[in-house]
Every structure is written in structure tokens, then in C-alpha cells.
Amino acid sequence: MLQLKNVDVHYGSFKALNNISLTVDTGGLVVLLGANGAGKSTLFNTISGLNKPSAGNIEFEDKILNGMKPSAIVNAGVVQCAEGRQLFPQMSVHDNLMLGAYVHRRDKDGNRKRLNEVLELFPILEEKAHQPAGSLSGGQQQMVAIGRAMMSRPRLLMLDEPSLGLAPLVVKQMFETIKQINSLGTTVLLAEQNAFAALKIATYAYVMENGQLVMDGDRETMLGNEEVRKAYIGA
Ligand code: ATP
């Protein structure tokens, strides 16, 4: 579904991504592990069209994404839920969610149906629909951010550190929801520092260090890998 071939990204003279080749198969839940600063956000922003690769190719289904505008990439079905949530805190939960529907603004019936699906995933957001998004707890705000991305009807949903700053119990629920989103038919690419929880729901995983992919494998391989366990799981 998504294929990156030999992608480089520079910030000025600094090479933030070095020769990245990665595949996400349709229906997969692919996890990208890596420490702070490894380049995960840079990679997501590059797929989303916010960063321009200095070399390589990004293909999604039958389209070449590199060179496309970010809005066209969303239209093609690739939607990013950025790190740090980036909600509009004064706006209501409902209005924040509906921002994600902008790309399909002419399809009012479709958006209504989609909103119901999002509220089924996150029932608490129905109760909070008319409250300012900024008044919600961290976990609930993360639900709004994922819900807003889902309103854009992604075929590939990219989640950048959705568990960041959340309490352990909330993190657990968040991973369950991500698994559910995937099992309902959305392919997921998930960047996480919470390696163990992420690998448990992954179909496949890559490890990134200093802008390079240094290891990859399916869930069992990665969970059983001594280096991965030492560096990322701490067991
Ligand atoms: P984090 O989880 O902290 O966001 P990350 O793995 O997503 O980490 P990136 O944010 O992609 O890492 O950063 C990769 C490298 O690129 C880091 O060394 C960072 O300092 C650098 N970097 C990121 N954005 C820029 C920028 N706009 N200009 C210059 N350097 C940048």
C-alpha cells in the first residue's frame, strides 16, 4: 500500500533521514520504534508532504506522493495525527472533529455516518461534544485528535506518539482503540516510544536510529529479539 524507496531528507546540511526504505501492506499495523530525535516525526512529515525528500521515492497505492501537496496527500487517503495533538482548544469537541471532515465537505450524509462511527469508537466524546476541546483530559484530547483524523477517512492512518504524556491505564485503552481501528479496516503506521505495548498490537515493526532504519521484523521476531528487548523494552 505504502512504499518508501531510498528516501533522504535534509534540514539544511543536516541529514535527518538516510536511505529509508519501508513498506506498509494493506490492513497492516506497522510500528516505528525509535528514541527521541531518531527521525520518526520527520519521516511522518515527509510522507504527509510537509517535508520534501532530497532523494528517493514515496508511493501510495498507484500514486507517487513526493511532490504532491499535503492536502492532495490527505485526499489520496493518507492522514497524519500529529504528535502533541494540535487541537483548537477553544473550539468544541464536535467542531474539532468536523475539521477532519473538511476534505469531504460536500458529502454531508457520509460525514454524519462517519461521525457516528467515530463516536462509537470514543463514546465519551459524544457526552463532551459541546465542551471546548481544551477542557478535556489528556487522554480525551488524544481521542479527539485521532477522531478528527478518522473523519478524513484515511486508508492509511499515521499516528505519531499517541501515548505521549498519558497515564498508564489511558495508554492501555489507547492501544486497544488503535487495534480496533485497524481491525475495522484502516491500515495504521504508528510511531511509538512505548515499545512493548506497540509491538504487542503490531503486525510488523521497524527500528529507527539516527535517521536510519536499523532493524525490522514481524511482531514475534521483534518481541523475541535480544537487542530490541534491551534497547526498547528494558527486559
Ligand atoms: P521526537 O519523538 O522527539 O519527535 P523523532 O524521532 O520524531 O523524535 P524528529 O523530530 O524527526 O525525531 O527529529 C530528527 C532529527 O532532526 C533530530 O536530530 C532533530 O533535532 C532534527 N530536526 C527535526 N526537525 C528539524 C528542523 N525543522 N530543522 C532542523 N533539524 C530538525
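Everything below is about the structure printed above this text.
All residue numbers here refer to positions counted from 1 along the written sequence of the relevant chain. The predicted origin of the model limits local features to residues at a pLDDT of at least 70 and limits the giving and counting of side-chain atom pairs to 80 or more, whereas totals for whole chains, interfaces and linings rest on all residues. Hydrogens and water are ignored here; the side-chain numbers use all heavy atoms of the structure.

## Details of the site of the ligand
For this description, a residue counts as near a given molecule or strand if any of its non-hydrogen atoms is within 4 Å of it. Around the ligand, 14 residues are found, and the nearest of them are Gly 37, Gly 39, Lys 40, Ser 41 and Thr 42. Nitrogen and oxygen atoms within 3.5 Å of one another constitute a polar contact, given that in protein one can donate a hydrogen and the other can accept it, and given that sequence-neighbouring residues count only through two side-chain atoms. Between an oxygen atom of the ligand and a side-chain N or O atom of Asn 36, the distance comes to 2.8 Å. Between the ligand and Lys 40 there is a distance of 2.8 Å, counted from an oxygen atom to a backbone nitrogen or oxygen. In short, Shrake-Rupley with a 1.4 Å probe defines the accessible areas, and a residue's cover is counted only from the protein chains shown. Protein chains bury 59% of the 630 Å² of accessible surface belonging to the ligand in isolation. Working definition: helices are DSSP H or I runs of at least four residues, strands are E runs of at least two. Numbering for both runs from the N terminus. Of all elements in the fold, only strand E2 (14-24) and helix H1 (40-47) reach the threshold of two or more residues within the shell around the ligand. For the shell around the ligand, the element with the highest residue contribution is H1, accounting for 3 residues.

## Brief notes about the pattern of salt bridges
Only one rule defines a salt bridge in this text: a Lys or Arg side-chain nitrogen within 4 Å of an Asp or Glu carboxyl oxygen. Inspection of every chain in the model, using the stated rule, returns 10 salt bridges. Across the pair Glu 117 and Arg 114 runs a salt bridge, and its minimum N-O distance is 3.5 Å. With Glu 117 and Arg 114 both in helix H4 (residues 108-121) and 3 residues apart, the pair spans about one turn of that helix. The exposure class assigned to Glu 117 is partly exposed, which follows from its relative accessible area of 33%. Here the term buried applies to any residue with accessible area under 20% of the maximum for its type, exposed to any over 50%, and partly exposed to those in between, with areas from a 1.4 Å probe on protein chains only.

## Things to note about the environment of Val 228
Structurally, Val 228 can be placed in helix H10 (residues 226-233). By relative accessible area, Val 228 is classed as buried at 0%.

## Quick look at the side chain of Ser 48
Structurally, the position occupied by Ser 48 is in the loop between H1 and strand E4 (55-60). Given the relative accessible area of 8%, Ser 48 is considered buried. Side chain to side chain, Ser 48 and Gln 80 meet in a polar contact 2.8 Å long. Between two residues, a contact is recorded if the distance between any of their heavy atoms is within 4.5 Å. Excluding residues that lie within four positions of it along the chain, Ser 48 makes contacts with Pro 70, Ile 73, Gln 80 and Met 158.

## Notes on empty space enclosed by the protein
Think of a 1 Å grid over just the protein atoms. A cavity is a set of points where a 1.4 Å probe fits yet cannot get out, a pocket is an open set with protein on both sides within 12 Å along at least five of seven lines, and lining residues have an atom within 4 Å of a point. Grid points are joined across faces, edges and corners, and a volume is the space filled by probe spheres set on the points. Applying the stated criterion across every chain, the model contains 1 cavity of 30 Å³ or more. Around the largest cavity, the lining residues are Thr 46, Ile 47, Gly 49, Asn 51, Lys 52, Pro 53, Ile 58, Leu 65, Asn 66, Gly 67, Met 68 and Ile 73. Any residue that is not Ala, Val, Leu, Ile, Met, Phe, Trp, Tyr, Cys, Pro, Asp, Glu, Lys or Arg is counted as polar, Gly included; the first ten are nonpolar and the last four charged. The residue inventory of the lining of the largest cavity, partitioned by class, reads 6 nonpolar, 5 polar and 1 charged.

## Focus on the layout of surface pockets
Volume-wise, the largest pocket comes out at about 520 Å³. Lining the largest pocket are 21 residues, with Val 74, Val 79, Gln 80, Arg 148 and Ser 152 sitting closest to its centre. Of all the secondary structure elements, the ones that give two or more residues to the lining of the largest pocket are helix H2 (70-76), strand E6 (78-81) and helix H6 (138-151). Of the residues in the lining of the largest pocket, the class split is 13 nonpolar, 7 polar and 1 charged.

## Observations regarding H10
In an α-helix, one turn spans 3.6 residues, which is why side chains three or four residues apart end up on the same side. The complete set of buried residues in H10 reads Val 228, Tyr 232 and Ile 233. Along the axis of H10, the buried residues cluster in a sector spanning 75°; they form a single face. Pointing more than 90 degrees away from the buried face of H10 are the exposed residues Glu 226, Glu 227, Lys 230 and Ala 231. A distance of 2.8 Å separates the backbone nitrogen of Glu 227 from a side-chain oxygen at the start of H10, and that oxygen is part of Asn 225. Working definition: the arc comes from the directions between the helix axis and the C-beta atoms, pointing outward to the latter.

## Points about the pairing of strand E10 (residues 212-218)
As judged from the 6 bridges shared by strand E9 (residues 204-209) and E10, these two strands associate in the antiparallel manner. The partner of Tyr 204 across the bridge, within E10, is Asp 218. Pairing between strands is defined by DSSP: at least two bridges between the two strands are required. The turn linking E9 back onto E10 is made up of 2 residues, and Asn 210 within it adopts a positive phi angle of 45°.

## Brief notes about unusual backbone geometry
Here Asn 19, not a glycine, exhibits a phi torsion of approximately 60°, which is positive. Within the fold, Asn 19 resides in strand E2. Residue Asn 19 is classed as partly exposed on the basis of its relative accessible area, which comes to 43%. In this structure, Arg 153 takes a positive phi of about 55° despite not being glycine.

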